[in-house]
There are 2 protein chains.
Amino acid sequence: MSSRKAALKSVPLVLDAETRAHDDHHASLRLWLRLLSCTGQIESRIRQRLQLSFNTTLPRFDLMAQLERAPEGLKMSELSQRLMVTGGNVTGITDGLEKEGLVVREVDIADRRINRVKLTSDGARQFRRMAAEHEQWIADLFSALSPRQKGHLMALLGELKAHVIGSKRGTTP
Amino acid sequence: MSSRKAALKSVPLVLDAETRAHDDHHASLRLWLRLLSCTGQIESRIRQRLQLSFNTTLPRFDLMAQLERAPEGLKMSELSQRLMVTGGNVTGITDGLEKEGLVVREVDIADRRINRVKLTSDGARQFRRMAAEHEQWIADLFSALSPRQKGHLMALLGELKAHVIGSKRGTTP
DNA sequence: CGCCAATACTTGAGGTGTCAAATACAAATG
DNA sequence: CATTTGTATTTGACACCTCAAGTATTGGCG
């Protein structure tokens, strides 16, 4: 109701360093939340479909996908590396798949510490069915973006990933 | 060894639909894997730091973050919605936080089915300490991108997310 | 040969996550 | 007011996932 205007807060023409930092922090935070929610949504859709269509899970699917490209089988440790999960985890998932007959463990002749894991023919057949559908799901989920946009997104994520991985120093030397 | 050239497979000047579809599928798949690995890397870095610096976890942090913006407290169901996880999960995380005295459950006077969850003053203090560091971590992790690039990434992910969420029909109506 | 460190994997405890069934309370209905 | 219906949360069974400790087995070294 007052008529005074002089007391309104001034709008600086040049933003100070602190303000810029604050804005950037905020932008990064929002970006991170969007990245997280985007990935989460897609992942949850895939899990859901894997469950509905094939009564399986993403980690199982991922493990089988690795095995499919390695007809000679993979060591547990190799699976662990490729799936970027711990060895104990691989043990558990492999147990489940083995119980369902989709996969077999074969003790290495030369070094009996080693377990070589292979797809059974049943597992291979089942995986091929799943892989085809899976690829289509992904294509559909990403169909909102043009090839050009996909390339752009790929590049931006590439830079981000490189920086994140590159700065992995300083934890426990 | 033959000198005949006519039998070489022709290279079409215009790619057929099948080839285009195949390439697009492949691009989508690679993009998805990169998205996944990027998010995973960042998430794992944050988890690691939360563990090292504050001996806590990401879900606990996220729950406390929600409570900080709601001094009157939140119902379990509200937490469930905001964190995008199931109610059972919220129960578990809240149990842990309550055991450590960072959070309290208060039964609603008017409707005794409702549990209102609040940060304790101890929890609030601890959260503020964590939040400041957390924001800095994020800013650092995303510092590889210019503000312009951040904006671009934000927009691309926005389109992707909108499409994914928009196509959520067709499961169980 | 015999011991010992390194390697490959498994096990067990603890925190997340999901779903479906159980519990506790409230509201609507007759 | 008693019964039914609905809502808020918890519980229990599984599946992941990590870390740290345990078990086998190998290969080197005295």
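Computed from a prediction, not measured in an experiment: that's the story for all the values here.

Chemist: In this structure, what is going on with the protein's contact with DNA strand C? I would like to understand it.
Modeler: In the neighbourhood of DNA strand C, 21 residues make up the surrounding shell, with Ser77 and Thr91 of chain A together with Thr57, Arg60 and Thr86 of chain B lying closest. Restricting the count to atoms of DNA strand C within 4 Å of the protein gives a sugar and phosphate share of 82%. Separating a phosphate oxygen of DNA strand C from a backbone N or O atom of methionine 76 of chain A is a distance of 3.4 Å. Contact distances for DNA strand C include 2.7 Å between a phosphate oxygen and a backbone N or O atom of threonine 86 of chain B. Secondary structure elements with two or more residues in the surface near DNA strand C: helix H3 (76–83) and helix H4 (87–99) of chain A together with helix H2 (58–68) and helix H4 (87–99) of chain B. Among the elements that make up the surface near DNA strand C, the one with the highest residue count is H4 of chain A (three residues). Its residues placed into classes, the surface near DNA strand C shows six nonpolar, eight polar and seven charged.

Chemist: Is there a simple way to explain the pairing of strand E3 (residues 115–119) of chain B in this structure?
Modeler: All names here are of chain B. Here strand E1 (residues 74–75) runs beside E3; their pairing, made up of two bridges, is antiparallel. The residue of E3 that forms the bridge with lysine 75 is arginine 116. Bridge analysis of strand E2 (residues 103–107) against E3 gives five bridges, and the strand direction is antiparallel. By the bridge assignment for E3, glutamate 106 is matched with arginine 116.

Cut-offs used in this document
Residues numbered from 1 in each chain as written. Chains lettered and ligands numbered in written order. Predicted model: local features only at pLDDT ≥ 70, side-chain atom pairs only at ≥ 80, totals over all residues. Heavy atoms only, no water. Near = heavy atom within 4 Å. Polar contact = N/O pair within 3.5 Å; in protein donor to acceptor, adjacent residues only side chain to side chain. Helix = DSSP H or I, 4+ residues; strand = E, 2+ residues; numbered from the N terminus. Nonpolar A, V, L, I, M, F, W, Y, C, P; charged D, E, K, R; others polar. Pairing = 2+ DSSP bridges.

Nothing here speaks to function; it is all geometry.
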